[in-house]
Amino acid sequence: MLTIFIFTSIAVIISFIADRDKTKKGIIKGMKMFLGILPALLNILALVSIVLFFIPNETLVKWLGKDSGILGVITAAVIGSIALIPGFIAFPLAAILLKSGVGYGVLAVFITTLMMVGVLTLPLEAKYFGMKTALVRNGLSFIGAIIIGLLIGLIM
Amino acid sequence: MKKLFEKIGLGEYVLIALFGLVLLISKPAGFAFGPAVGRNFWLFFSEMIAFLPFMFILIGLIDAWFPREKVEPHIGKDSGIKGTFWVILLAMLQAGPLYGAFPVAYLLWKKGSSVKNIFIYLGAFSTLKLPMLTFEIGFLGLKFSLLRTLITLPVFILIGFIMERYLKDKNFEIKQPIDK
């Protein structure tokens, strides 16, 4: 947390020395993006607070923890493939799950499928690439995500 | 007044206001639910609100200094390894959900990118966007982010190769859906 604070401060100072206007524009754009996601972030935090109240930590760890193995990875892959959560919200959510005892491998699968596989957006994707191609791309990405998760689970 | 209301987007805060109301009521009513959920929420919220603005400032600066317009002229000219490099760079400088990448994939196709590079672009777009990496490092740590990136890169390049092979004699084309 301190790292990001220091890093951003240094970046702002360097940027400001190099080009005032650009720095101002960048900061304003960043703040606008922040205000744009704020309501969605608050909603998701509220939802997670409620869900974690009903699911005891032991259950979460048993299903998605470090020792949940391939079953945990596949559960995360299925949820990640169906859910539509933007990245700016997925990472805070992943940090909460990590603190609750969810393993790194499971989180990697969840994040990767969230970004690469879209079951709900499949009809839209099919309009661009055709249904068969869209299915193959999503299928390959699903398998790829599981491999990524298993590897990270092994290493971390 | 109503216009101002819409401009700030206060309507989007209805759910969270309702949530707060339920928490407030449940305490005097004696439900265990309220205080416990409230504690959870405050824990998550207080942690994030402290450094989220800094992350977004960083993302805004990246956006100001590395506009993707500078990359775009290089796209599509080369369908080989150089082309791969440029589509990955283009993807890294973007933001947004995957379905926002489909129209760009169509443009790449129109400009003459190879099938392989188009699917590599989609892979890079979904997993290597700089704004996203900023978030990932901030929330899950540099080690995790680095490791995930290093493992993911070869995986989606491989997917690009497989897709090109699979689509070879299939008269593949990317269409722009027309809005009705």
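Since the model is a prediction, treat every value here as computed from it, not as a measurement.

### A closer look at the overall build of chain A
And step 1. Helix and strand counts for chain A come out as 8 helices and 0 strands.
And step 2. In sequence order, the secondary structure elements of chain A are arranged as α-α-α-α-α-α-α-α.
And step 3. Overall, chain A is about 50 × 45 × 30 Å in size when its C-alpha atoms are taken along their principal axes.
And step 4. Sorting the 156 residues of chain A into buried and exposed places 41% on the buried side.
And step 5. Of all intrachain contacts in chain A linking residues separated by at least 6 positions in sequence, the fraction that spans at least 24 positions is 77%.

### Section: the overall build of chain B
And step 1. Regarding its fold elements, chain B presents 8 helices and 0 strands.
And step 2. Counting from the amino terminus, chain B carries its helices and strands in the arrangement α-α-α-α-α-α-α-α.
And step 3. Relative to the globule expectation of 16 Å for 180 residues, the C-alpha radius of gyration of chain B, 22 Å, shows a markedly less compact shape.
And step 4. Projected onto the principal axes, the alpha-carbon positions of chain B cover approximately 70 × 45 × 35 Å.

### Observations concerning the packing of helix H8 (residues 131-155) of chain A against helix H8 (residues 142-166) of chain B
And step 1. H8(B) packs onto H8(A) with a crossing angle of 155 degrees between their chain directions and a minimal axis gap of 10 Å. Considered as vectors, H8(A) and H8(B) are oriented roughly antiparallel to each other. Like other packed secondary-structure pairs, H8(A) and H8(B) cross with a definite hand, here right-handed. Listed contacts from H8(B) to Val136(A), Arg137(A), Leu140(A), Ser141(A), Gly144(A), Ile147(A), Ile148(A), Leu151(A), Ile152(A) and Ile155(A) of H8(A) are Leu147(B), Arg148(B), Ile151(B), Thr152(B), Val155(B), Phe156(B), Ile159(B), Ile162(B), Met163(B) and Tyr166(B).
And step 2. When the residues that make up the contact of H8(A) with H8(B) are grouped by side-chain class, the tally is 15 nonpolar, 3 polar and 2 charged.

### Digging into the domain arrangement of chain B
And step 1. For chain B, the assigned domains are domain 1 (2-50) and domain 2 (68-166).
And step 2. Each of domain 1 of chain B and domain 2 of chain B has a C-alpha centre, and these two points are 38 Å apart.

### Topic: the environment of Asn43(A)
And step 1. With respect to the secondary-structure elements, Asn43(A) resides in helix H2 (residues 20-54).
And step 2. Its 17 C-beta neighbours within 10 Å are what place Asn43(A) among the partly exposed residues.
And step 3. Residues Asn43(A) and Ile82(A) lie 39 residues apart in sequence; the distance between their C-alpha atoms is 19 Å.
And step 4. Beyond its immediate chain neighbours, meaning those up to four positions away, Asn43(A) contacts Leu15(B) and Ile16(B).

### Some words on the nonpolar core
And step 1. The biggest cluster of nonpolar side chains holds 86 residues, and the ones touching the most others in it are Ala94(A), Val109(A), Val87(B), Ala105(B), Tyr121(B) and Ala124(B).
And step 2. Broken down by element, the residue count for this core peaks at 14 residues, all from helix H3 (residues 33-65) of chain B.
And step 3. Excluding its chain neighbours within four sequence positions, the residues that come into contact with Ala94(A) are Leu107(A), Phe110(A), Ile111(A), Phe139(B) and Leu140(B).

### Focus: the interface of chain B and chain A
And step 1. On the side of chain A, 61 residues touch chain B, which itself brings 61 residues to the contact.
And step 2. Broken down by secondary-structure element, the contributors of at least two residues to the side of chain B that touches chain A are helix H2 (14-29), H3, helix H5 (102-111), helix H6 (115-127), helix H7 (130-140) and H8 of chain B.
And step 3. Residues of the side of chain B that touches chain A, tallied by class, amount to 48 nonpolar, 8 polar and 5 charged.

### Re the environment of Phe110(A)
All names here are of chain A.
And step 1. Among the structural elements, Phe-110 can be located in helix H6 (residues 104-116).
And step 2. On a C-alpha basis, the gap between Phe-110 and Ser-9 in space is 31 Å, while along the polypeptide they are 101 residues apart.
And step 3. Excluding anything up to four places from it in sequence, Phe-110 contacts Ala-76, Ile-79, Gly-80 and Ala-94.

### Remarks on the confidence of the model for chain B
Low pLDDT marks regions whose predicted coordinates should not be analysed in detail.
All names here are of chain B.
And step 1. For chain B, per-residue confidence averages 85 on the pLDDT scale, and 91% of positions sit at 70 or higher.
And step 2. Ranking the elements of chain B by mean pLDDT puts helix H1 (residues 2-8) last, at 58, and H8 first, at 94.
And step 3. Model confidence for the complex is summarised by a pTM of 0.83, with the ipTM given as 0.85.

### Description of unusual backbone geometry
And step 1. Notably, Asn171(B) is not glycine yet its phi reads approximately 50 degrees, a positive angle.
And step 2. Locating Asn171(B) in the fold gives a position in the segment after H8.

### What to know about the packing of H2(B) against H3(B)
All names here are of chain B.
And step 1. For the pair H2 and H3, the least separation of the axes is 7 Å and the interaxial angle reads 135 degrees. It follows from the interaxial angle that H2 and H3 lie oblique. Residue-level inspection shows Leu-23, Ser-26 and Lys-27 of H2 in contact with H3, the latter providing Phe-33, Gly-34, Pro-35, Val-37 and Gly-38.
And step 2. Here the residues of the contact of H2 with H3 sort into 4 nonpolar, 3 polar and 1 charged.

### Description of the domain arrangement of chain A
A common way to state how big an interface is: give the accessible area lost once the parts meet.
Residue and element names in this part refer to chain A.
And step 1. One can read the domain layout of chain A as domain 1 (1-54) and domain 2 (56-156).
And step 2. Each of domain 1 and domain 2 has a C-alpha centre, and the two are 25 Å apart.
And step 3. Each partner contributes to the interface: domain 1 provides 6 residues, whereas domain 2 provides 6 residues.
And step 4. Looking at the side of domain 1 that touches domain 2 residue by residue, the classes come out as 6 nonpolar, no polar and no charged.

Quick notes on the rules
- Every chain begins its residue count from 1, and numbering advances along the sequence as written.
- Starting at A for chains and at 1 for ligands, labels are handed out in the order in which the entities are written.
- Under the rules for a predicted model, residues below a pLDDT of 70 receive no local features and side-chain atom pairs below 80 are neither given nor counted, while totals for whole chains, interfaces and linings still include all residues.
- Each helix is a run of DSSP H or I of at least 4 residues and each strand a run of E of at least 2, with the numbering of both proceeding from the N terminus.
- Residues with at least 20 other C-beta atoms within 10 Å of their own are called buried, those with 12 or fewer are called exposed, and the rest are partly exposed. The C-beta atoms themselves are positioned from the backbone.
- Placing a C-beta atom from the backbone of each residue, one calls two residues in contact when those atoms lie within 7 Å.
- Here the globule rule reads 2.2 Å times residues to the power 0.38, and the radius of gyration is calculated from C-alpha atoms.
- For helices, the fitted line uses only the C-alpha atoms of the stretch in contact; every axis is such a line through C-alpha atoms, and the angle between N-to-C directions lies from 0 to 180 degrees.
- Geometric relationships in this document are graded by angle, where less than 35 degrees denotes roughly parallel, more than 145 denotes roughly antiparallel, 65 to 115 denotes roughly perpendicular, and other angles denote oblique.
- Left-handed describes a crossing in which the near helix is turned anticlockwise from the far one by less than a right angle; the clockwise case is right-handed.
- Gly is put with the polar residues, along with every residue not named as nonpolar or charged; the nonpolar set is Ala, Val, Leu, Ile, Met, Phe, Trp, Tyr, Cys and Pro, and the charged set is Asp, Glu, Lys and Arg.
- Domain extents, as shown, originate in an automatic or database domain assignment.
- By convention the nonpolar core is taken to be a set of buried residues drawn from Ala, Val, Leu, Ile, Met, Phe, Trp, Tyr and Cys and joined through C-beta atoms within 7 Å.
- Values of pLDDT, ranging from 0 to 100, describe the predictor's confidence in every residue of the model.

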